[in-house]
Amino acid sequence: MPTSDTITLSQADYVRLLVHGTTAFELLRTALELELFERLEKTAIGLTVDEVATALDVQPQAARVLLLGLSSLGLVEVHEGRHVNTPMVRRKLLRDSHRFLGPLVDIQARVINPAMGDLADAVRENRNVGLRHFDSPGDTLYQRLTAYPELQQVFYANMGDASAKALEQLLGLYDFSGLRHVVDLGGGDGTNAVAIAKRYPDLRVTVFDQPTVTTLAAERVDDPDVASRVAFQPADLLTDSLPTDADAICYLHIFEIWSLERNTELLRRCWEALPEGGVCLVYSFVSRDDGTGPMSAGLVSPYFLTLASGEGMTYSARDMAQAVRDAGFRQVEEHRDLGFSHALVVGRK
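In this text, all values refer to a predicted model and were calculated from it rather than measured experimentally.

Caption draft 1: Summary view of the layout of surface pockets. In this model, the second largest pocket occupies a volume close to 200 Å³. Lining the second largest pocket are Val 286, Ser 287, Arg 288, Asp 289, Pro 294, Ala 317, Arg 336, Asp 337, Leu 338, Ser 341, His 342 and Ala 343. Elements represented by at least two residues in the lining of the second largest pocket include exactly β8 (331–338) and β9 (342–348). Per element, the largest residue contribution to the lining of the second largest pocket is 3 residues, and it comes from β8. Classifying every residue of the lining of the second largest pocket gives 5 nonpolar, 3 polar and 4 charged.

Structure follows, in structure tokens:
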């Protein structure tokens, strides 16, 4: 397989990935679970099938099946009978890699995939039918996960990991100096709040999220100075009043959860809570304005319909900016084509 960022597939193989995508995912998940990639990385010359079987404590036939699948997917290369990791694996699938995708694989395997078989019914009924896999109260996945502490940990581990990677980009783009108090709506496990507070030592940050989530977040703050400036306010984003003593509200990775109408309503509540001159930062994954992709947007959007809320998707930057305007913000800045398929829209009251 090529070592560049582009992998070329024949049309036949592309169709095979569409049809057998679940198998491809399980090959990857199994390799991660058995720590195969780390074992291959320990030796410069790679491992034979028998050596892999011994390292994994499995039968040679099972090892051969696993290695065949991984090599066909371009995750493992074979040189003179010895298996080694490809450069892509070294960048993204080793646990000590800065871009390790393990948390994403975990949430996909344990939370999202069980529900995706309900996509057709979700499309027919325009609601999150996949919630039936979580037997607890609530109309959204976020509410129902409170009854599943282990899965909630898996969920927010991935959200925190994804946020940490995207937040560096935001911090490099937007200057928080001069602000006194920032509210992080739906701040999850506190990853964003802690990072912002560390970067700006005079800034207070409040995480505004569900009670069980803010408990998780508070446990993550071990720096006394940061702990003194990061607060956790248990609340329901959809019904509880927003703090009115902040001069900025972060609306990070929320826009994709809700319908455009609900986003406009939430952003209007942000506008009402902010003082004159206050800002709202809307930062999210985005699709293209013409609705043609990218693939990340196309593959993530069914999750919001089928499971998360039953009404969201990956919207375009144009959609985000229009909602900010409709909410009442008089000055609107758009920052498009950012890394990680993100856009930032800044609304000033």
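And the narrative resumes.
Caption draft 2: Geometry of the nonpolar core. Counting 49 residues, the largest nonpolar core has Leu 141, Leu 185, Tyr 251, Leu 267, Val 282 and Tyr 303 as its most contacted members. Tallying contributions element by element places helix α16 (residues 317–326) first for this core, with 5 residues. Excluding anything up to four places from it in sequence, Val 282 contacts Tyr 251, Phe 255, Leu 267, Met 320, Val 324, Ala 343, Leu 344 and Val 345. Grouped together as the second largest cluster of nonpolar side chains are 28 residues, Tyr 174, Ala 193, Ile 196 and Leu 338 included.

Caption draft 3: The arrangement of the pattern of salt bridges in detail. In the structure shown here, the tally under the stated rule is 19 salt bridges. Notably, a salt bridge pairs Arg 180 with Asp 247, separated by 3.6 Å at the nearest N-O pair. Taken together, the positions of Arg 180 in the loop between α10 (149–173) and β3 (181–185) and Asp 247 in the loop between β5 (230–234) and β6 (248–252) put the pair 67 residues apart, joining distant regions of the chain. Classification of Arg 180 by relative accessible area gives partly exposed; the value is 49%. Between Glu 276 and Arg 330 there is a salt bridge, with its nearest N and O atoms 3.6 Å apart. Here Arg 330 lies in the loop between α16 and β8 and Glu 276 lies in the loop between α14 (260–273) and β7 (279–285), a separation of 54 residues in the sequence. Both residues of the pair, Glu 276 and Arg 330, belong to the exposed class. Taken together, the shared-partner salt bridges in this structure form one network comprising Asp 289, Arg 325, Glu 334 and Arg 336.

Caption draft 4: Geometry of the environment of Thr 214. Residue position: Thr 214 is located in helix α12 (residues 211–218). For Thr 214, a relative accessible area of 4% gives the class buried. With 65 residues separating them in the primary sequence, Thr 214 and Pro 149 have C-alpha atoms 13 Å apart. Sequence-distant contacts of Thr 214, defined by excluding residues within four places in its chain, comprise Val 207, Asp 209, Phe 232, Gln 233 and Pro 234.

Caption draft 5: Broad picture of α10. With 25 residues, α10 ought to run about 36 Å at 1.5 Å a step, and its terminal C-alpha atoms sit 35 Å apart, in line with that. Its maximal kink placed at Ala 166, α10 deviates by approximately 30°.

Caption draft 6: Spatial organisation of the environment of Asp 222. Counting through the fold element by element, Asp 222 comes out in the loop between α12 and α13 (224–229). In the structure, Asp 222 is positioned 114 residues away from Gln 108 in sequence and 29 Å away in space, judged by C-alpha atoms.

Caption draft 7: Spotlight on unusual backbone geometry. Following Gly 293, the chain continues into Pro 294 via a peptide bond in cis, with omega recorded as 0°. With respect to the secondary-structure elements, Pro 294 resides in the loop between β7 and α15 (295–308). Within the chain, Asp 57 stands out as a residue other than glycine whose phi angle is a positive 60°. Its location among the elements puts Asp 57 in the loop between α4 (49–56) and α5 (60–72). Residue classification places Asp 57 among the exposed residues on the basis of a relative accessible area of 70%. The phi torsion at Ser 341 lies on the positive side, around 55°, for a residue other than glycine.

Cut-offs and rules
Residues numbered from 1 in each chain as written. Predicted model: local features only at pLDDT ≥ 70, side-chain atom pairs only at ≥ 80, totals over all residues. Heavy atoms only, no water. 1 Å grid on protein atoms, 1.4 Å probe; cavity = no way out; pocket = protein on both sides within 12 Å on 5 of 7 lines; lining within 4 Å. Points joined across faces, edges and corners; volume = space filled by probe spheres on them. Helix = DSSP H or I, 4+ residues; strand = E, 2+ residues; numbered from the N terminus. Nonpolar A, V, L, I, M, F, W, Y, C, P; charged D, E, K, R; others polar. Core = buried A, V, L, I, M, F, W, Y, C linked by side-chain atoms within 4.5 Å. Buried < 20%, exposed > 50% of the residue type's maximum accessible area, 1.4 Å probe, protein only. Contact = heavy atoms within 4.5 Å. Salt bridge = Lys/Arg side-chain N within 4 Å of Asp/Glu carboxyl O. Expected span 1.5 Å × (residues − 1). Bend = angle between axes of the 7 residues up to and from the residue.

Keep in mind these numbers describe shape, not what the thing actually does.
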